[in-house]
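Structural features, examined
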Amino acid sequence: MKSYDVVIVGGGPAGLAAAIAAKKEGIDSIVMIERDDRLGGILNQCIHNGFGLHTFKEELTGPEYAQRFIDQAKELDIEYKLHTMVMDISKDKVVTVMNREEGMYQIQAKAVVLAMGCRERPRGALNIPGYRPAGIYSAGTAQRLVNMEGYMPGQKVVILGSGDIGLIMARRMTFEGADVQVVAEVMPYSGGLKRNIVQCLDDFDIPLKLSHTVIDIEGRDRLTGVTIAEVGPDRKPVPGTEEHYDCDTLLLSVGLIPENELSKQAEVELSPVTNGPLVDESLETNIEGIFACGNVLHVHDLVDYVSEEATTAGKNAAKYVKERYGKDAAKDDKVIKVNATNGARYTVPTTIHLNNMTDLLTVRFRVGDVFKNSYISVYFNDERKQHRKKQVMAPGEMEQIILKKKDLEAFEGLETITVKIESE
C-alpha cells in the first residue's frame, strides 16, 4: 500500500487550490487524483469570461483561470495522477484508486480533501412525459460538445431551467447560429446570476418565462417539439396556458448536485439541504482528517469562492497532518452550532470549534426566495449582533457574513449562532 500525507480527490479548481495551499504549508507528500485526461475540471469547457475578478482582479476565461493554478501546482512540483478513478474512501482514510497503468491499488492517507465537484440533475429527475428522442441534453453536456468537441447539438433550441450554465449556453448557441426560442423556468425567479440574465438573454432578446415548465416532449427518434405551460404556486401546469415550440434540441439546466457517492462510502454526514458534507470552521467533516471544499460541499456561483474555500481546506488538512496525526486537543472544546432560518436555507460551516477558529471566519449561505430591501441578521443565542441591509437577495447568488473570533470569545455562554433574513 502506498502512503501520502494528503490525498486530494479531484483536480479541478477546488482540488488545485487545496493542493497548492497544503504544499505552501510545508506538506511535500501530496497527490491529486483526477479522472479526466487533464487538470482544470469543468473550467476547461467554460470558455466564456467572467472568472478571476476576485482572485486575480482581472477578467479571465475558465481555461485561463484554471491554467494559473495548474502552473502554480507544477512549479511547486505537486504530484498528480490523470485518467485515475477513486473507487472508494474508507473512514480510516484508505483511498482505493484505479487506472490503466497500475491497475487497482490503495493509498493510506493521513488527510483527505474531497474536491469532486458536482453533476447536473438529469431528465429522469423531472418526470416530463414523452419518449426519449435524440436532441435532449443537459446544458453542461451541450457546452462540452460545442466548446471542446466541436459538435453542434442542434439548430432550434428550447432551454428548461435558468441556471447559470443554461443562460450561458443560450448565448453560446446563439453565437453559433442556433435559434434559441425561449428559456422556461419553473420557479418564479431565475436560478442564475443577474449579470448572466442581462448578458446572455436580455442582450440577445431571448425571452425568459418564469413559472413555466415543459409538459410534453414530442418526437420518437429525434426531438420535433416541446409544449410548455405556466405553473401555479403548487408547480402544477395551469390548463389553457400551453404553448408549443417546434425545436430539435432541448437543453436542461435544472440544478447541480454535489458528487458525494465517495463521501457516503467514507460515512461522511451529508446536509439534507445542500446534499454536501456537514463541516466545521476548518471545513473538516464528521470523519476526522477528511475535509471538503468547492462544489462537492455546496454549489457555488463564482469559482473565485471555490478557490478561496479550497485554500482554507488545504491549509487545515496540512495543519491536521503537522500538528498531530490524530485528534487535536483544540478540537475538543465547546462546539457552537450555526443555524439558518427565516429565509436562509443553510450555512457553511454548521459548527464552530472556537479554539480552532481563525480571527475572521466567512460563513456562506443561500436564501430560499427573492428578498427586496431586507436585512441579513446574525444572532448570538437570542441577541442580535449583526443587521445588514441588502436591496436584493436571490437564490442564484450566494451571500456571506463575517464572524470575528474576538466577538465570539467575548459573548458569555454562546451556544448558537443563527443567520436569518428579516424585513426590518
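Check the entry above for the structure.
Not measured: the values here are computed from a predicted model.

So, on to the sheet that holds strand S10 (residues 136–138). Taken in spatial order, the five strands line up as S10-S17-S11-S12-S13 in an open sheet, and their pairing is parallel. Strand pairing shows two members of the sheet lacking a second neighbour, S10 and strand S13 (208–210), which therefore form its edges. Adjacent strand axes in the sheet meet at a mean angle of 20 degrees, parallel and antiparallel pairs treated alike. Pairing of strand S11 (residues 156–160) with strand S17 (residues 249–252), which is carried by four bridges, proceeds in the parallel orientation.

In this section: the state of the cysteines. The tally for this structure, following the rule as stated, stands at zero disulfides. The cysteine cysteine 200 is free of any disulfide, with cysteine 46 supplying the nearest cysteine sulfur at 12 Å. By relative accessible area, which is 0% here, cysteine 200 ends up buried. Take cysteine 293: it sits in no disulfide, and the sulfur closest to it among the cysteines is that of cysteine 118, at 13 Å.

The two faces of strand S2 (residues 30–33) match: Ile30 and Met32 on one face and Val31 and Ile33 on the other face are all buried. Relative to S2, strand S1 (residues 2–9) is paired through four bridges, and the arrangement is parallel. Note that in S2 the partner of valine 6 across the bridge is isoleucine 30. Bridge count between S2 and strand S5 (residues 79–81): three bridges; the pairing is parallel. Bridged to isoleucine 33 within S5 is lysine 81.

Turning next to the sheet that holds strand S14 (residues 212–218). Ordered by their spatial adjacency, three strands build an open sheet running S14-S15-S16, and the pairing between neighbours is antiparallel. Pairing within the sheet leaves two strands with one partner each, and these edge strands are S14 and strand S16 (243–246). Geometrically, the sheet is characterised by an average inter-axis angle of 30 degrees between neighbouring strands, direction not taken into account. Here strand S15 (residues 225–230) pairs with S16 via four bridges, running antiparallel. Among the inter-strand pairings, isoleucine 228 is bridged to a residue of S16, identified as glutamate 243.

Conventions adopted
Residues numbered from 1 in each chain as written. Predicted model: local features only at pLDDT ≥ 70, side-chain atom pairs only at ≥ 80, totals over all residues. Heavy atoms only, no water. Pairing = 2+ DSSP bridges. Helix = DSSP H or I, 4+ residues; strand = E, 2+ residues; numbered from the N terminus. Axes fitted to C-alpha atoms, helices over the stretch in contact; angles between N-to-C directions. Disulfide = S-S within 2.5 Å. Buried < 20%, exposed > 50% of the residue type's maximum accessible area, 1.4 Å probe, protein only.

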